[in-house]
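# Breakdown of the fold
Listed here are the chains, written in short residue letters.
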Amino acid sequence: MQVRVQPQPFDTAAELAALSAGRADVGAIASFTGLVRADDGLTALTLEHYPGMTERQLAAIAAEAEARWPILAGTLIHRHGRLVPGDAIVLVAIASPHRATAFEACSFLMDWLKTKAPFWKAEEGRWGTRWVSAKTEDDTAASRWNKVLNP
Amino acid sequence: MQVRVQPQPFDTAAELAALSAGRADVGAIASFTGLVRADDGLTALTLEHYPGMTERQLAAIAAEAEARWPILAGTLIHRHGRLVPGDAIVLVAIASPHRATAFEACSFLMDWLKTKAPFWKAEEGRWGTRWVSAKTEDDTAASRWNKVLNP
Amino acid sequence: MTVLYFAWVREQIGVDEETLTPPASVETVADLLDWLAARSPNHAAALADRTAIRVALDQDFAQPDTPLGTAQEVAIFPPVTGG
Amino acid sequence: MTVLYFAWVREQIGVDEETLTPPASVETVADLLDWLAARSPNHAAALADRTAIRVALDQDFAQPDTPLGTAQEVAIFPPVTGG
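Since this is a predicted model, take the numbers as computed values, not measurements. (Residues numbered from 1 in each chain as written. Chains lettered and ligands numbered in written order. Predicted model: local features only at pLDDT ≥ 70, side-chain atom pairs only at ≥ 80, totals over all residues. Heavy atoms only, no water.)

## Observations regarding the overall build of chain A
- A tally of helices and strands in chain A yields five helices and eight strands.
- Written out in order from the N terminus, the α and β elements of chain A read β-α-β-β-α-β-β-β-α-β-β-α-α.
- Over its C-alpha atoms chain A spans a radius of gyration of 16 Å, differing by no more than 12% from the 15 Å that the globule rule assigns to 151 residues.
- Taking all 151 residues of chain A together, the buried fraction comes to 55%.
- Looking at chain A as shown, the accessible area adds up to about 6200 Å², and 52% of this sits on carbon and sulfur atoms.
- For chain A, the centre of its 16 positive side-chain charges and the centre of its 17 negative side-chain charges are spaced 2 Å apart. (Helix = DSSP H or I, 4+ residues; strand = E, 2+ residues; numbered from the N terminus. Rg over C-alpha atoms; globule rule 2.2 N^0.38 Å. Buried < 20%, exposed > 50% of the residue type's maximum accessible area, 1.4 Å probe, protein only. Areas by Shrake-Rupley, 256 points an atom, 1.4 Å probe, with all protein chains shown as cover. Lys, Arg positive; Asp, Glu negative; His and termini not counted. Charge placed at Lys NZ, Arg CZ, Asp CG, Glu CD.)

## Some points on the relation of the copies chain A and chain B
- Relative to chain B, chain A is turned by 180° and slid 0.0 Å along the rotation axis, the superposed coordinates differing by an RMSD of 0.0 Å. Taken together, the rotation angle and the small translation identify this as a two-fold axis.
- A share of 100% of the interface residues of chain A reappears at the interface of chain B, consistent with the copies meeting face to face through the same patch. (Least-squares fit on C-alpha atoms with pLDDT ≥ 70 in both. Contact = heavy atoms within 4.5 Å.)

## Examining unusual backbone geometry
- Of note, the phi angle at Asp40 of chain B is positive, near 55°, even though the residue is not glycine.
- Structurally, Asp40 of chain B can be placed in the loop between strand E2 (28–35) and strand E3 (44–49).
- Note on Asp40 of chain B: relative accessible area 54%, which makes it exposed.
- One non-glycine residue, Gln59 of chain C, lies in the positive phi region at around 75°.
- Considering the arrangement of structural elements, one finds Gln59 of chain C in the loop between strand E3 (54–57) and strand E4 (60–62).

## What about the sheet that holds strand E2 (residues 17–19) of chain D?
Residue and element names in this part refer to chain D.
- Judged by pairing direction, the sheet is mixed, and its five strands sit side by side in the order E2-E1-E5-E3-E4 without closing on themselves. Both outer strands of the open sheet, E2 and strand E4 (60–62), are each paired with one neighbouring strand and no more. Neighbour-to-neighbour, the strand axes of this sheet turn through a mean angle of 25°, independent of strand direction. (Pairing = 2+ DSSP bridges. Axes fitted to C-alpha atoms, helices over the stretch in contact; angles between N-to-C directions.)

## Observations regarding the confidence of the model for chain C
- With 100% of its residues at a pLDDT of 70 or more, chain C has an overall mean of 97.
- Scoring the predicted complex yields pTM 0.92 and, for the interface, ipTM 0.91. (pLDDT = per-residue confidence, 0-100.)

## As for the environment of Leu47 of chain D
Residues and elements named next belong to chain D.
- Considering the arrangement of structural elements, one finds Leu47 in the loop between helix H3 (41–46) and strand E3 (54–57).
- With a relative accessible area of 1%, Leu47 lands in the buried category.
- Taking C-alpha positions, Leu47 is 9.2 Å from Gln12, a pair spaced 35 residues apart along the chain.
- Apart from the residues lying within four places of it in its own chain, the contact partners of Leu47 are Leu33, Leu36, Ala37, Ile53 and Ile76.

Next up, the structure:
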């Protein structure tokens, strides 16, 4: 699986097309794109990250997904820097033979990424700049995947 | 939500881009693309459908998803006719404020589509042409969504 | 009524559709399948395994005990395999 | 060791990183946080609520009772909010 951390925008269309190009064993591609919302008049979102650890963690999360599901190809891109509403933040795309695998792996990657990748969001708006608090629901979403290993 | 039944290929990139174009309330886009696999030497897949009922059923499934989740925009495209390995058969894409909604609605649409939309697949290969049998696992996948309504 | 056939049901019966007027005694979907099966050996073969047959009345799925009512379009086909 | 700070921890302490040599008595992550909190009022304020602090040793998440061992790079930050 391909993992990238970058300030630049990404081309979702090209990334998705690359997953099945030139092969006939992909039956399912599931993808998730996270975008900046203009909630409460938000004007910009800056993503700080921990260079080095971010790449390590994303690679580890990707390896975990590949160990759990029969993934044929995958792409995980997370942007950092200052973004504005409508900008894409993150892309997760998984190609596999069947749909259940693609959906599960994609959902797993997003859940783990939310709780294990060292990114921090700061929101700009009429309030000035404020750091986003971690959500308990993200921990809950991530923890459901632990049950698979420790039933 | 937009629903289309067509023999022509679709442009996944354009469909996904359209879901968030010109708006800043979309935080999540989940998509699923189903493709023809060359399993066991399959050379072509022909999708027969029931014109009229297909559109009715897809519209009903889309309406059900919109009643269950806060969907901001969505696209459901199913092709019919003769396809070859690597061709896309179906696209489901959902835009919503948050990721759980987008994933669930997308997964629901695929599960229901598999069991409620009147399409039939015929596989061509060294065996000649054979009709695909319905899978029990598809019924099981679809039935999990009934529990939400009838706990 | 118009009776439509799809996929291998269509192939086995050998026609896409038929315009038929069943007698008044044919009240339900199951009655209709029995009546159709008696029309020819091909009909009988196609409809032999009722667990592999699905029916729609005026483009809505129906069950064996669903009354035909005033349905104008009846479709008979195998379990669907789209997606 | 190099100690890195991120997000509001970095802002409150006022520096991105420090090169420090804690005494031998500082054995665990919790010990290190206590020792750092004593360095300045800004450190103390940033590290006051330990439930809001996460630590990585050589780029792997650590717990309060994790021994520092031979870690060369320690990072201190709030719970992550990516994705």
